[in-house]
Structures are given as C-alpha cells and as structure tokens.
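Working through the structure, step by step
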Amino acid sequence: MEKNILERSLEGVTSVLLLGHIHPDGDCVGTCLALYNYLAEQEPQLAVTLYLDNPAGKFSYLRYFDRIRTEAEPEMRFDLCITMDSSDRERLGRFEPCFAAAGRTLCIDHHRTNRGFAEKNYILPEASSCSEVLYGLLDEEKISRATAECLYTGIIHDTGVFKFSSTSRRTMEIAGRLMERGLDCARIIDDSFYRKTYVQNQLLGRALLESVLFMDGRCVFSAIRQKDLDFYGAGSNDLDGIIDQLRITEGVECAVFIYELAPDEFKVSLRSNEYLDVSRIAAYFGGGGHIHAAGCTMQGTVHDVLNNLSLHIEAQIRAHDGACEAGAADAGQKGPGQA
Ligand code: AMP
Ligand code: MN
Ligand code: MN
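Just so it is clear, the structure is predicted and the values come from calculations on it, not from any experiment.

Regarding the coordination of the manganese ion (ligand 3)
Donor atoms from the polypeptide that bind the manganese ion (ligand 3) are Asp27 (OD), Asp85 (OD), His110 (NE2) and Asp158 (OD), placed at 2.1 to 2.2 Å. The sequence motif formed by the donor residues of the manganese ion (ligand 3) is D-x57-D-x24-H-x47-D. Here Asp27 falls in the buried class, since its relative accessible area comes to 0%. By relative accessible area, which is 1% here, Asp85 ends up buried.

Shown next, in the form of structure tokens:
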C-alpha cells in the first residue's frame, strides 16, 4: 500500500520534534501525545521529543504527559519537526526557532485559516479536530489504548463533547472505534472537560455576571482582567469553558470573551452559532480558527478591543440581514407555489 504523508516524512529520520500551539487546548495536547505514544510504541528506534507551552494538569491522565518538555533546548537540532493543531507559524510561540532549524517540517492540522506554513502540509478543514486528522494517518490496528485515550480526548475537547457542528458521522465513527480500546469515556469527559475547580467556577460566575449584551441581544461580551486572575490566584488555563457558556445564551449569534495577557493586550475568543463567520474576523486581526470558533490577540483597552471587533461583527450581521430581506422579497415576488 502507498505510504501516507506521515510515513513518508519519517523515512530516514532519527530525531523528531513534536510541537503544538501556544496555550494548548485538549485537541492540541491530545493530538501531540497521541503521536508521541504511537511513535514510542511503533518506532522505538526514533528519538521523539515533545515541547508544549504549559499544558494544563487536568490532562495528566494521558500517558507520557510527564515527558512533555516546556522549555526548548536551544542547542538541539531535529531531523523532522511535526506541528499539530497550529494554524500558523506564530502560534508555535517560543518553539518557533526549533521548527525553523529542523531538517524537514510537516504540518498536520484542521484550521481553515491555515495556509500551509511547513514544507509538507496535511490540512483537513472539514475535520472536527486535529486528533481526527491524525487518526487518518495512523495504522488503525496499531492504535493502543493509551494512544486512543489521547485521540479521544482531542476529539471531545474540539467538539464540545460531540455537540459542535464540526462533529460529523466520521467523527462519531472514529470515537466509536477508539471506545473499543476499552476507554473509560465518562471519566475522561468529566475529568478533563466538565470538572472545574472552585476558583474556575468563581471566574466563570464572574464572567457571566459581568457579561453585556449588544447588537440588540444578538451578541454577548465579557472580559477578565489580570487583576481578577491575580485576585483568585488563577491563570489562563482556568478560563476554559467561559466562552462556551456565553455562546449558548438564548438569542445570541456571536459571543466574545477576552482576557488580559499584558497591559493593553488581550487574548480574544470568538464563537458564533449560525451565520457569522468568526474566522474572517479573527484572521483580519492577525488570528485564525474556524467558522464558528476563532481567536486572535488584540491591543488596546477593553473598550478599544470591543469597538474594533463590533464593527466587523455588525457588518456581517447587517450583510446577513440584508441577504435575508432580499431573499424574502424575492420569494414574495414569485408568490407561493412558484419555483
Ligand atoms: P480559542 O478561542 O482560543 O478557544 O480558539 C478558538 C479557535 O481559534 C481554535 O481553533 C484556535 O486554534 C483558534 N485560534 C485562537 N487564537 C488564535 C490565534 N491567535 N491565531 C490563530 N488561531 C487562533
Ligand atoms: Mn487547538
Ligand atoms: Mn483543534
């Protein structure tokens, strides 16, 4: 059988570096550890290294989580660097120089804004998660329970436990096959996705309490400042899930959540429910993502950030309303029963 892009990339290689994106989410940690586990079992002659930017401790049930390195060794040179779940080079953060210095590069991803920044690129924008993309590159027979647990974690995190519109029949079929490895799915879902510390619940409550509606209730916005994080002794890993709760506010098409990274610098998360393409807005501000979930980093005060974003959100909402009105008028002219 013909070799796939991953198998071809591994030919003649002795050292491999695996990279994800800054502030790695469940899909990023899950996919990177899945490939780490798979290579450790199937290609034991390879020296595999995984660098990730401060992965959240809630993923420590995944095998080899303890082997993740959070600081690069600048003197190391790798024959091959594989990036996973990262939509552009900047998202590699402080590990970007390791990517630049590698002999060969391969990018495995599912972001529609990814233009293919590596030598070889395997990007499936329709896939629910990078774990789903990686699954297609692995030999199904050789996926162990440990690897399956990583892939399953990646899928549940990027699909919001199988509920986002990116969840396809294939996603469910893959999840089903992974379950056959004997995973404790309920525990994985509760422990890594739903469980919150007391402080995380407090921050969620605060973000919801202080959220504001705009565009006649079609958008919702909330912000967490550095001083709030300091007050609770919390970090950015404690803010997962806030944007998802904002998104399901009744009547809301678009949710915006921002938190302060540095004075006058904010990480922006955008979500939409139906017609808004938030990846376009995030890409305009130098970020990226998917139609219904995207992000970027923006400068300025909370008000500057909201004002700049809302111009783009409003423009898309107006264009959508205009298109709907035109459609209704057309239908009216034709009259019922006419094709
Ligand atoms: P988040 O709001 O951080 O959960 O991100 C939502 C989606 O947008 C994820 O698929 C991210 O990978 C992507 N994303 C978030 N921030 C950025 C960024 N600064 N640049 C490119 N993509 C991003
Ligand atoms: Mn991600
Ligand atoms: Mn992803």
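Back to the text.
Structural notes on the nonpolar core
If you look at the biggest cluster of nonpolar residues, it comprises 54 residues, and the most contacted ones within it are Ile82 and Leu178. Top contributing element to this core by residue count: helix α2 (residues 26-42), with 9 residues. Discounting chain neighbours no more than four positions away, the residues touching Leu178 are Tyr135, Ile143, Ala148, Leu151, Tyr152, Ile155 and Leu183. One finds Cys219, Phe266, Val268 and Val305 within the second-largest nonpolar core, a separate group that totals 24 residues.

Some thoughts on the site of ligand 1
Looking at ligand 1, there are 14 residues lining it, with His111, Lys267, Ser269, Arg271 and His290 nearest. Within the side chain of His111, a nitrogen or oxygen atom sits 2.8 Å from an oxygen atom of ligand 1. Notes on ligand 1: free accessible area 480 Å², of which the protein chains cover 86%. At the level of elements, β9 (265-272), β10 (288-289) and β11 (293-299) are the ones that each hand at least two residues to the shell around ligand 1. Among the elements that make up the shell around ligand 1, the one with the highest residue count is β11 (4 residues). In terms of residue class, the shell around ligand 1 is made up of 3 nonpolar, 8 polar and 3 charged. No fewer than three residues from each of domain 1 (5-194) and domain 2 (198-326) sit in the shell around ligand 1.

Side note on the coordination of the manganese ion (ligand 2)
Under ideal tetrahedral coordination, the four donors around a metal are separated by 109.5 degrees; under ideal octahedral coordination, the six donors are separated by 90 or 180 degrees. The manganese ion (ligand 2) binds to the protein through His21 (NE2), Asp25 (OD), Asp25 (OD) and Asp85 (OD); the donor distances cover 2.1 to 2.6 Å. As a motif over one chain, the donors of the manganese ion (ligand 2) read H-x3-D-x59-D. For the pair the manganese ion (ligand 2) and the manganese ion (ligand 3), the metal-to-metal distance amounts to 3.7 Å, and Asp85 bridges them. Note that Asp25 is positioned in the loop between β1 (15-19) and α2 and Asp85 in the loop between β3 (80-84) and α3 (96-101), a separation of 60 residues in sequence. Residue classification places Asp25 among the partly exposed residues on the basis of a relative accessible area of 31%.

Description of the sheet that holds strand β2 (residues 47-51)
Across the sheet, which stays open at both edges, the 5 strands sit in the order β2-β1-β3-β4-β5 with parallel pairing between neighbours. Strand pairing shows two members of the sheet lacking a second neighbour, β2 and β5 (120-123), which therefore form its edges. If you compare each strand with its neighbour and ignore which way they point, the axes differ by 15° on average. Pairing analysis gives 5 bridges linking β1 to β2, with the strands arranged parallel. Bridge pairing in β2 links Leu17 to Thr49. Sitting on the sheet, α2 is in contact with β1, β2 and β3, with an inclination near 170° to β2.

Describing the domain arrangement of the protein chain
What the domain assignment lists for the protein chain is domain 1 (5-194) and domain 2 (198-326). Inter-centroid distance (C-alpha atoms) of domain 1 to domain 2 is 26 Å. Counting residues at the interface gives 12 residues for domain 1, matched by 14 residues for domain 2. Counting the surface lost from both domain 1 and domain 2, the interface buries some 1,100 Å², and carbon and sulfur atoms represent 47% of this. For domain 1, the biggest contributors to the area lost against domain 2 are His23, Arg112 and Thr113; these three give 46% of the whole.

Points about the packing of aromatic side chains
Under the definition given, this model contains 9 aromatic pairs. With 4.9 Å between their ring centres and 80° between their planes, Phe193 and Tyr194 make a pair best called edge-to-face. In textbook terms, an aromatic cluster arises when at least three aromatic residues are bridged by ring pairs, as seen for Tyr51, Phe78 and Phe95. Across the ring face of Tyr64, the terminal group of Arg67 is positioned such that the distance to the ring centre comes to 3.9 Å.

Rules used throughout
- Residues numbered from 1 in each chain as written.
- Chains lettered and ligands numbered in written order.
- Predicted model: local features only at pLDDT ≥ 70, side-chain atom pairs only at ≥ 80, totals over all residues.
- Heavy atoms only, no water.
- Donors = N, O, S within 2.8 Å, 3.2 Å for Na, K, Ca; no water.
- Buried < 20%, exposed > 50% of the residue type's maximum accessible area, 1.4 Å probe, protein only.
- Core = buried A, V, L, I, M, F, W, Y, C linked by side-chain atoms within 4.5 Å.
- Helix = DSSP H or I, 4+ residues; strand = E, 2+ residues; numbered from the N terminus.
- Contact = heavy atoms within 4.5 Å.
- Near = heavy atom within 4 Å.
- Polar contact = N/O pair within 3.5 Å; in protein donor to acceptor, adjacent residues only side chain to side chain.
- Areas by Shrake-Rupley, 256 points an atom, 1.4 Å probe, with all protein chains shown as cover.
- Nonpolar A, V, L, I, M, F, W, Y, C, P; charged D, E, K, R; others polar.
- Domains from an automatic or database assignment.
- Pairing = 2+ DSSP bridges.
- Axes fitted to C-alpha atoms, helices over the stretch in contact; angles between N-to-C directions.
- Buried area = accessible area lost by both parts, 1.4 Å probe.
- Phe/Tyr/Trp six-rings, centres within 6.5 Å; stacked < 30°, edge-to-face > 60°.
- Lys NZ or Arg CZ within 6 Å of the ring centre and 35° of its normal.

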